[in-house]
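# Analysis of the macromolecular model
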Amino acid sequence: MVEAPRLSYRELTVRQAEQIVDLLGPWLTEARRARIDAVLAQRTRDVVLVLEEVFTDHNRAAVLRTADAFGLVEVHHVCEAEGAWTLSRRVALGSEKWMELQRHADPEQALHSLSARGFQVWAAAVHDASAPVEAIPIDVPVALVFGNEHAGLSRRIVASAHRTFHIPMYGFAESFNVSVAAALSLGSVMGRRRASTGVRALASDDAARLRACWYVTSVRAAPKLLASAGLPTPVMSTGPVEARP
């Protein structure tokens, strides 16, 4: 049987998303459907992560797992090299299936596109002029940017950001591992948001498209079932994602 054509989930109509959910719903248990709705209700686009040239599968996977746990939708990766976004399967534990991963070759363009969407861009940088992580605002959309394991952020990224921040440290180490830094930063930002203003839920159309994607992810036979119904298979990420042992 021919599988359904793949389509970016952002291009789905709400009607298509609803049809996908109606078609695949009977293939899911009631508990699974309830779990999807519960997680979806906590998702937000008001905070996104940006990684620049993060090389190791372990760190990529750890960052994605953390982003999923804190209720984010988007993780962006600035990387000139082509090819699949590879992850450690044992670290990611499937978190890549529930996230939107966007790839960018040009760092300035990546941050400009986020700025145009209304994000304040905060780059993690260890220097005297940077603000502590607690200074990152909780009442506006923010993009948190982290550099790679060796060189940190490039000058191009830092110059394109609105502000820089650091996580206070009190030992001999000069920096945290990138996955740890992302977890600590999200813990501060998301914790303060949920305790104060709360997180802004997804728009209803956005939630409908995301729900359709998660139903597809949860049903192994989804592409063939969708093809039979004349519906596309929605894809969340821009570019291939490969989980490795």
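Relevant structure appears above.
Residues numbered from 1 in each chain as written. Predicted model: local features only at pLDDT ≥ 70, side-chain atom pairs only at ≥ 80, totals over all residues. Heavy atoms only, no water.

### A closer look at the packing of aromatic side chains
- Under the definition given, this model contains two aromatic pairs.
- Seen in terms of ring centroids, Trp98 and Trp214 are 5.9 Å apart; in terms of plane orientation they differ by 90°. Their pairing is edge-to-face. Here Trp98, found in the loop between helix H4 (89–92) and strand S5 (100–104), pairs with Trp214, found in helix H8 (residues 204–218); they are 116 residues apart in sequence, far enough to count as distant. Comparing Trp98 with Trp214 shows no difference in burial state: the two are buried. (Phe/Tyr/Trp six-rings, centres within 6.5 Å; stacked < 30°, edge-to-face > 60°. Helix = DSSP H or I, 4+ residues; strand = E, 2+ residues; numbered from the N terminus. Buried < 20%, exposed > 50% of the residue type's maximum accessible area, 1.4 Å probe, protein only.)

### Overview of the nonpolar core
- In this structure, Val47, Leu49, Leu72, Val75, Ile136, Leu144 and Phe146 are the most contacted members of the largest nonpolar core, which totals 32 residues.
- It is helix H7 (residues 178–195) that provides the largest number of residues to this core, a total of six residues.
- When sequence neighbours within four positions are dropped, the list of residues in contact with Phe146 reads Leu49, Val50, Leu51, Glu52, Ala124, Leu153, Phe165, Val178, Ala181, Ala182 and Ser185. (Core = buried A, V, L, I, M, F, W, Y, C linked by side-chain atoms within 4.5 Å. Contact = heavy atoms within 4.5 Å.)

### Looking at the packing of helix H3 (residues 57–69) against H7
- Axis separation between H3 and H7 bottoms out at 8 Å; the angle between their running directions is 10°. In terms of their interaxial angle, H3 and H7 are classed as roughly parallel. In terms of crossing hand, the pair formed by H3 and H7 is right-handed. Side by side, H3 and H7 meet where Asn59, Ala62, Val63, Thr66 and Ala67 of the first sit next to Val178, Ser179, Ala182, Ala183 and Leu186 of the second. (Axes fitted to C-alpha atoms, helices over the stretch in contact; angles between N-to-C directions. Parallel < 35°, antiparallel > 145°, perpendicular 65-115°, else oblique. Left-handed = near helix turned anticlockwise from the far one by under 90°.)

### Things to note about H3
- The first and last C-alpha atoms of H3 sit 18 Å apart over 13 residues, in line with the 18 Å expected at 1.5 Å per residue.
- Inspection of H3 places Asn59, Arg60, Ala61, Ala62, Val63, Leu64, Thr66 and Ala67 among the buried residues, and these make up the whole buried set.
- In the core, the buried residues of H3 are packed alongside strand S2 (47–52), strand S3 (74–78), strand S4 (85–88), H4, S5 and H7.
- Looking one or two places after H3, you find Gly71, whose phi comes out positive at around 90°. (Expected span 1.5 Å × (residues − 1).)

### Examining the side chain of Asp206
- When you line up the elements, Asp206 lands in helix H8.
- Those residues in contact with Asp206 that lie beyond four places of it in its chain are Tyr9 and Arg45.

### Structural notes on the pairing of S5
- Most of S5 is tucked away, with four of its five residues classed as buried.
- Sheet analysis places S3 next to S5, joined by five bridges and oriented parallel. Within S5, the residue paired with Val75 across the bridge is Leu101. (Pairing = 2+ DSSP bridges.)

### Describing a nonpolar patch on the surface
- Together, Phe176, Val180 and Leu184 make up a nonpolar patch on the protein surface, roughly 220 Å² of accessible area in all.
- Among the structural elements, Leu184 can be located in helix H7. (Patch = residues over 30% accessible without salt bridge, like charges linked within 9 Å, V, L, I, M, F, W, Y side chains within 5 Å. Areas by Shrake-Rupley, 256 points an atom, 1.4 Å probe, with all protein chains shown as cover. Salt bridge = Lys/Arg side-chain N within 4 Å of Asp/Glu carboxyl O.)

### Description of the environment of Met236
- Take Met236: it is sitting in the loop between strand S10 (233–235) and strand S11 (241–244).
- It is 7.9 Å that separates the C-alpha atoms of Met236 and Arg10, two residues lying 226 residues apart in sequence.
- Setting aside its immediate chain neighbours within four residues, Met236 contacts Tyr9, Lys97, Trp98, Met99, Glu100, Leu101, Leu210, Cys213 and Trp214.

### Quick notes on the pattern of salt bridges
- Enumeration according to the criterion identifies twelve salt bridges in this entry.
- With its nearest N and O atoms 3.6 Å apart, the salt bridge here joins Glu74 to Arg10. With a gap of 64 residues between them, Glu74 in strand S3 and Arg10 in the loop between strand S1 (6–8) and helix H1 (14–24) connect regions that are remote in the sequence.
- With a closest N to O distance of 3.8 Å, Asp106 and Arg156 form a salt bridge. Residue Asp106 is found in the loop between S5 and helix H5 (107–116), and its partner Arg156 is found in helix H6 (residues 155–160); the two are separated by 50 residues along the sequence.
- The exposure class assigned to Asp106 is partly exposed, which follows from its relative accessible area of 35%.
- The class for Arg156 is partly exposed, based on a relative accessible area of 38%.

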